[in-house]
Amino acid sequence: MPVNVARVQETQVGHRMNTVGRPSGPNAVSWDYETTLWTIERPADGDEPLRRKVRCGTCEQSLAIVVYSVADTRRRQARFRGWTWFCAFLLLAGLAGIIYFGVTASMSSAPGLTSLASVFVTFPALWVVGLRTEAEAGITHRGSSGVSVAKHVVTPIEPPPASPFGTA
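As a starting point, this report considers the structure included with it. Fair warning: this is a prediction, and the values are worked out from it, not measured in the lab.

Before going further, it helps to examine the sheet that holds strand β1 (residues 8-16). Taken in spatial order, the 3 strands of this open sheet run β4-β1-β8, and their pairing is antiparallel. A single partner strand is all that each edge strand has here, and the edge strands are β4 (33-41) and β8 (152-156). The sheet shows a mean angle of 25 degrees between the axes of neighbouring strands, direction not considered. Looking at chain direction, β1 and β4 are connected through 9 bridges and run antiparallel. Bridge pairing links threonine 11 to tryptophan 38 in β4.

Now the structure itself:
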């Protein structure tokens, strides 16, 4: 589900407090962040992305942030969703090739090895691109790839979805 975005939006600038993740369940760790609020105003649709400096409220480090318009953010989300579907298609095609060539021919044949390589490449790619797709909010900065635990994170506080019946 894509992140909801609005022209004016509240965000949290978070500073990671621990250097080692706390165990929070089987095969999971948790990270503690101290956050400060920051209100962003996205550029108008069609305008260049805004480049801003934001100071972390915890360590006073200056973060270079790029904020995209609502339309650009939706295009970025759609592009990442497209790459996610493409990786999923390649993964399924590779699995089908493994099943087909494993049953009908030797897996040491060129098509069998290509299918095997496709699965080993596209599974991690699907994982990384899927995580990036989920995290895309039109706000980027160094370390904001969404697939690692960054020292600083900027996360939007999602506005409520627009009501189909208008406002009350």
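Moving on: the sheet that holds strand β7 (residues 139-141). Read across the sheet, 3 strands follow the order β5-β6-β7 without closing on themselves; strand pairing throughout is antiparallel. Edge positions in the sheet fall to β5 (50-55) and β7, since each of these pairs with one other strand and no more. Strand-to-strand, the axes of this sheet are offset by a mean angle of 35 degrees, without reference to chain direction. Both β5 and strand β6 (residues 62-67) contribute to a ladder of 6 bridges, which runs antiparallel. Bridge pairing in β6 links arginine 55 to serine 62.

In this section: a nonpolar patch on the surface. Taken together, the side chains of Phe123, Trp127, Val128 and Leu131 define a hydrophobic patch exposed on the protein surface, amounting to about 400 Å² of accessible area. Looking at the secondary structure, you find phenylalanine 123 in helix α2 (residues 110-135).

One finds Val13, Trp38, Ile40, Val54, Leu63, Ile65, Val67, Ile139 and Val154 forming the largest nonpolar core, which totals 9 residues. At the level of secondary structure, the elements contributing two or more residues to this core comprise β4 and β6. The greatest single-element share of this core, amounting to 3 residues, is contributed by β6. Setting aside chain neighbours within four positions, we find valine 13 in contact with Glu34, Thr35, Thr36, Trp38, Val54, Leu63, Val153 and Val154.

Evaluated as defined, the whole model comprises 2 aromatic pairs. Relative to tryptophan 127, the ring of phenylalanine 123 lies with its centre 6.5 Å away and its plane at 45 degrees, an arrangement referred to as tilted. Of this pair, phenylalanine 123 and tryptophan 127 are both found in helix α2, 4 residues apart, which corresponds to roughly one turn of the helix. Lying across the ring of tyrosine 68, arginine 76 places its NZ or CZ 4.3 Å from the centre.

Parameters and conventions
Residues numbered from 1 in each chain as written. Predicted model: local features only at pLDDT ≥ 70, side-chain atom pairs only at ≥ 80, totals over all residues. Heavy atoms only, no water. Pairing = 2+ DSSP bridges. Helix = DSSP H or I, 4+ residues; strand = E, 2+ residues; numbered from the N terminus. Axes fitted to C-alpha atoms, helices over the stretch in contact; angles between N-to-C directions. Patch = residues over 30% accessible without salt bridge, like charges linked within 9 Å, V, L, I, M, F, W, Y side chains within 5 Å. Areas by Shrake-Rupley, 256 points an atom, 1.4 Å probe, with all protein chains shown as cover. Salt bridge = Lys/Arg side-chain N within 4 Å of Asp/Glu carboxyl O. Core = buried A, V, L, I, M, F, W, Y, C linked by side-chain atoms within 4.5 Å. Buried < 20%, exposed > 50% of the residue type's maximum accessible area, 1.4 Å probe, protein only. Contact = heavy atoms within 4.5 Å. Phe/Tyr/Trp six-rings, centres within 6.5 Å; stacked < 30°, edge-to-face > 60°. Lys NZ or Arg CZ within 6 Å of the ring centre and 35° of its normal.

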